[in-house]
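# Report on the structure
What follows is each chain in one-letter form.
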Amino acid sequence: MAKYGKWIGAGLGFVMGGPIGALFGFFIGSTFDSTTVITSQQMNDPGSRPTGRGDFLLSLVVLATALMKADGKVTRNELDFVKKFFWDNFGPEGEREALAIVKDLLNKEIEVDQVCNQIRMNMNVYSRTQLLYFLFGLAKADGTVCKLEISLLDRISNLLGIDTTTYQSIKAMYYDDLESAYSVLGISSSATDDEIKKAYRKMAIENHPDKVGYMGEDIRKAAEKKFMAINEAYEKIKKQRGIG
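What this report covers is the structure whose coordinates are included nearby. It should be emphasised that the depicted structure is a prediction, and the values quoted were computed from it without experimental measurement.

Looking now at the overall build of the chain. Helix and strand counts for the chain stand at eleven helices and two strands. In the chain, which comprises 244 residues, the proportion classed as buried is 49%. A sequence separation of at least 24 residues applies to 77% of the contacts in the chain between residues at least 6 apart.

All chains considered together, the criterion is met by ten aromatic pairs. When the ring of Tyr133 is compared with that of Tyr174, the centres are 5.6 Å apart and the planes differ by 35 degrees; the resulting orientation is tilted. Note that Tyr133 is positioned in helix α6 (residues 125–139) and Tyr174 in the loop between α8 (164–172) and α9 (178–184), a separation of 41 residues in sequence. Put simply, the rings of Phe56, Phe85, Phe86, Phe90, Tyr133, Phe134, Phe136, Tyr167 and Tyr174 pair up and form one aromatic cluster. Geometry around Tyr175 places Lys140 over its ring, the cationic atom sitting 4.5 Å from the centre.

What follows covers helix α5 (residues 112–122). Among all positions of α5, only Val112, Val115, Cys116, Gln118, Ile119 and Asn122 are buried. Mapping the buried residues of α5 onto a view down its axis gives an arc of 155 degrees, with all of them on the same face. Contacts made by the buried residues of α5 are with α1 (18–24), α3 (53–68), α6 and α7 (147–159).

Turning next to the pattern of salt bridges. According to the stated counting rule, one finds eleven salt bridges in the structure shown. Between Glu97 and Arg96 there is a salt bridge; the shortest N-O distance is 3.6 Å. Lys238 is paired through a salt bridge with Glu235; the nearest N and O atoms lie 3.4 Å apart. On the criterion of helical spacing, the pair formed by Lys238 and Glu235 is a turn pair, its members being three residues apart in helix α11 (residues 217–241). With relative accessibility at 43%, the residue Glu235 sits in the partly exposed group. Salt bridges linked by common partners bring Asp210, Arg220 and Glu224 together as one network.

Attention shifts here to helix α4 (residues 76–105). Helix length check: α4, at 30 residues, gives a terminal C-alpha distance of 16 Å against a target of 44 Å (1.5 Å per residue), a shortfall beyond 12%. Most pronounced at Phe90, the bend in α4 amounts to some 140 degrees, and the proline Pro92 follows within four residues.

What follows deals with the environment of Gly52. Counting through the fold element by element, Gly52 comes out in the loop between β2 (36–37) and α3. Counting along the chain gives 38 residues from Gly52 to Phe14, while the straight-line C-alpha distance between them is 9.0 Å.

What follows covers the nonpolar core. Ranked by internal contacts, the top residues of the largest apolar core, which has 76 residues, are Phe86, Ile119, Leu185 and Ile196. Here this core gets eleven residues from one element, more than from any other, and that element is α3. Apart from the residues within four sequence positions on either side, Ile119 is in contact with Phe14, Ile20, Ser59, Leu63, Arg128, Leu131 and Leu160.

Basis of the calculations
Residues numbered from 1 in each chain as written. Predicted model: local features only at pLDDT ≥ 70, side-chain atom pairs only at ≥ 80, totals over all residues. Heavy atoms only, no water. Helix = DSSP H or I, 4+ residues; strand = E, 2+ residues; numbered from the N terminus. Buried < 20%, exposed > 50% of the residue type's maximum accessible area, 1.4 Å probe, protein only. Contact = heavy atoms within 4.5 Å. Phe/Tyr/Trp six-rings, centres within 6.5 Å; stacked < 30°, edge-to-face > 60°. Lys NZ or Arg CZ within 6 Å of the ring centre and 35° of its normal. Arc of directions from axis to C-beta. Salt bridge = Lys/Arg side-chain N within 4 Å of Asp/Glu carboxyl O. Expected span 1.5 Å × (residues − 1). Bend = angle between axes of the 7 residues up to and from the residue. Core = buried A, V, L, I, M, F, W, Y, C linked by side-chain atoms within 4.5 Å.

Spatial relationships are all this shows, so hold off on functional conclusions.
The structure is reproduced here in structure tokens:
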């Protein structure tokens, strides 16, 4: 395995053990440059502590690889889309390191249930939500999301403990129509104006970029895009209804 480190970050925690760690056979010194293992009270509620950047990014790459393999094969085009996705979101260094990890994982069996359970037990809900947002972006990178990808994303969301309203909200962010705008806010088109305002305030608080911004500027920028999608959905509904 090639050396990684600059994009992943200087600290790795829960991913060094469990099913994610087993995928890499983690020999720490020879795999990651200047990396330290962060030990924490992993039995504590993950919502009470921040998620490490390295833990988040490795979790993302593992699940991204599982998503690529959803239809049982990985084509050259899919690899190109993955390269573009990581380049667009994390720059050239992120693209290079992520692709090297993906290639290491392609011939390995990824136990999605076990991986998601490990993530759920160790990552706060804001980070898990951002993780799902990235995965939907990857699935949509080629312009379409196939049924097998949707099925796996639905399963991943459930395994990560993300509620149905949040899942449908993230999914709707990748569609541009009025009905999707309501879904982004987690409500139906029959909601009252007051219910719409209340839903918007709730989504804005739960998805503020500050919730995950400490993991790095690249992750914060992606969170800002998600936050912007919520604002755009609200503005679209306000315009359609004439809400002041």
